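Each chain, letter by letter, is given below.
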Amino acid sequence: TQLLEQSPQFLSIQEGENLTVYCNSSSVFSSLQWYRQEPGEGPVLLVTVVTGGEVKKLKRLTFQFGDARKDSSLHITAAQPGDTGLYLCAARNSGGSNYKLTFGKGTLLTVNP
Amino acid sequence: DAGVTQSPTHLIKTRGQHVTLRCSPISGHKSVSWYQQVLGQGPQFIFQYYEKEERGRGNFPDRFSARQFPNYSSELNVNALLLGDSALYLCASSITPTTYEQYFGPGTRLTVT
């Protein structure tokens, strides 16, 4: 069973600070996604990365996929209170059960004004 | 276009009862997946359906079942409810089972007392 480890589990910062959260596994992924989830809502897709070493930017968010496709990071520049939420990474196997997403437990980010 | 819709939004049931949750995918999406998210955890895969057939099943007991209708909407059924079934049940739709992007609905909050 593929496990995704996310760190840190909790993060509380002040508005304007930078932060990085991580998603790691011992397995190779065919693709990896990052979602943000607010309380009582479903996860909202932020980005999909497919190629090892790939870097994608979404405004103040930078996503990186590791060269070996086993890990990923999300960096937020100049965090704002609106960035508060649960950040989840999710991956598909590179092997047989390609139909399902496996999620990490998430990083709960709080950005204080 | 409307996103993924789920009903009901909240539900309270008693142990031993049965529950049916409903999901309508995004127009044009033929695949529906169900996930269970307990508090403090990431979503866990339950089922995926495509073209009315089960394409994948997670590690859940036989009390959990689902089906997909000709219009691609889906139902998740849970029999003999246990306290541990209390969770947010999420539905996600995608164009095909292996399309990278899955779009989640707002979820149904099930409380079992």
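Attention in this report is confined to the structure presented alongside it. (Residues numbered from 1 in each chain as written. Chains lettered and ligands numbered in written order. Predicted model: local features only at pLDDT ≥ 70, side-chain atom pairs only at ≥ 80, totals over all residues. Heavy atoms only, no water.)

A look at the overall build of chain B
And then number 1: Helix and strand counts for chain B come out as 0 helices and 11 strands.
And then number 2: Compactness check: chain B gives a C-alpha radius of gyration of 13 Å against a globular reference of 13 Å for 113 residues, within 12% of the reference.
And then number 3: With respect to the principal axes defined by its C-alpha atoms, chain B has extents near 40 × 25 × 25 Å.
And then number 4: Counting across all 113 residues of chain B, residues that qualify as buried make up 50%. (Helix = DSSP H or I, 4+ residues; strand = E, 2+ residues; numbered from the N terminus. Rg over C-alpha atoms; globule rule 2.2 N^0.38 Å. Buried < 20%, exposed > 50% of the residue type's maximum accessible area, 1.4 Å probe, protein only.)

Quick word on the state of the cysteines
And then number 1: The final tally for this structure, using the stated rule, is 2 disulfides over all chains.
And then number 2: A sulfur-sulfur separation of 2.0 Å characterises the disulfide bridge that pairs Cys23(A) with Cys89(A). Its torsion about the S-S bond being 75 degrees, the disulfide of Cys23(A) and Cys89(A) is classed as right-handed. In this pair, Cys23(A) sits in strand 3 (residues 19-24) while Cys89(A) sits in strand 9 (residues 85-93), placing the two residues 66 residues apart along the sequence.
And then number 3: On the basis of relative accessible area, Cys23(A) is assigned to the buried category, the value being 0%.
And then number 4: The disulfide partner of Cys23(B) is Cys91(B), and the S-S distance across this bridge is 1.8 Å. Residues Cys23(B) and Cys91(B) are joined through a disulfide that is left-handed, its torsion about the S-S bond being -60 degrees. With a gap of 68 residues between them, Cys23(B) in strand 3 (residues 19-24) and Cys91(B) in strand 9 (residues 87-94) connect regions that are remote in the sequence. Assigned by exposure class, Cys23(B) and Cys91(B) land together as buried. (Disulfide = S-S within 2.5 Å.)

Remarks on the interface of chain A and chain B
And then number 1: On the side of chain B, 22 residues touch chain A, which itself brings 22 residues to the contact.
And then number 2: Along the contact surface separating chain A from chain B lie 0 salt bridges.
And then number 3: Applying the counting rule to chain A against chain B returns 5 residue pairs in polar contact (both at pLDDT 80 or more).
And then number 4: Secondary structure elements with two or more residues in the side of chain A that touches chain B: strand 4 (29-37), strand 5 (44-49) and strand 9 of chain A.
And then number 5: At 5 residues, strand 4 of chain A tops the list of elements feeding residues into the side of chain A that touches chain B.
And then number 6: Partitioning the side of chain A that touches chain B into residue classes produces 9 nonpolar, 9 polar and 4 charged. (Contact = heavy atoms within 4.5 Å. Salt bridge = Lys/Arg side-chain N within 4 Å of Asp/Glu carboxyl O. Polar contact = N/O pair within 3.5 Å; in protein donor to acceptor, adjacent residues only side chain to side chain. Nonpolar A, V, L, I, M, F, W, Y, C, P; charged D, E, K, R; others polar.)

Some points on the environment of Leu110(B)
All names here are of chain B.
And then number 1: Residue position: leucine 110 is located in strand 11 (residues 108-112).
And then number 2: When its relative accessible area of 1% is taken as the criterion, leucine 110 is described as buried.
And then number 3: Placed 42 residues apart in sequence, leucine 110 and glutamine 68 show a C-alpha to C-alpha distance of 21 Å.
And then number 4: Discounting chain neighbours no more than four positions away, the residues touching leucine 110 are Leu11, Lys13, Val19, Leu81, Asp85, Ser86, Ala87 and Tyr89.

Describing the sheet that holds strand 1 (residues 5-7) of chain B
Residues and elements named next belong to chain B.
And then number 1: Taking strand neighbours across the sheet as the criterion, the 4 strands line up as 1-3-8-7 in an open arrangement whose pairing is antiparallel. Edge positions in the sheet fall to strand 1 and strand 7 (64-68), since each has one partner strand and no second. Across the sheet, the mean angle separating the axes of adjacent strands is 15 degrees when strand polarity is ignored.
And then number 2: In the sheet, strand 7 pairs with strand 8 (residues 74-78) via 5 bridges, with the strands oriented antiparallel. What sits directly across from phenylalanine 64, in strand 8, is valine 78. (Pairing = 2+ DSSP bridges. Axes fitted to C-alpha atoms, helices over the stretch in contact; angles between N-to-C directions.)

Thoughts on the pairing of strand 11 of chain B
Residue and element names in this part refer to chain B.
And then number 1: Burial along strand 11 is one-sided: Thr108, Leu110 and Val112 are buried, and none of Arg109 and Thr111, which face the opposite way, are.
And then number 2: Of the strand pairs in this sheet, strand 2 (residues 10-13) and strand 11 are connected by 4 bridges, and their pairing is parallel. If you follow lysine 13 over to strand 11, its bridge partner there is valine 112.
And then number 3: Bridge count between strand 9 and strand 11: 3 bridges; the pairing is antiparallel. Directly across from tyrosine 89, in strand 11, lies its bridge partner threonine 108.

Some remarks on the pairing of strand 5 of chain A
Residues and elements named next belong to chain A.
And then number 1: Across the 6 residues of strand 5, 5 count as buried, placing the element largely inside the fold.
And then number 2: Of the strand pairs in this sheet, strand 4 and strand 5 are connected by 5 bridges, and their pairing is antiparallel. Residue arginine 36 lies in a different strand from strand 5, and its bridge partner there is valine 44.
And then number 3: Taking the residues that link successive antiparallel strands as the turn, the strand 4-strand 5 hairpin has 6 residues, and the phi of glycine 40 there is positive, at about 75 degrees.

Function-wise, these values are silent; they only describe arrangement.
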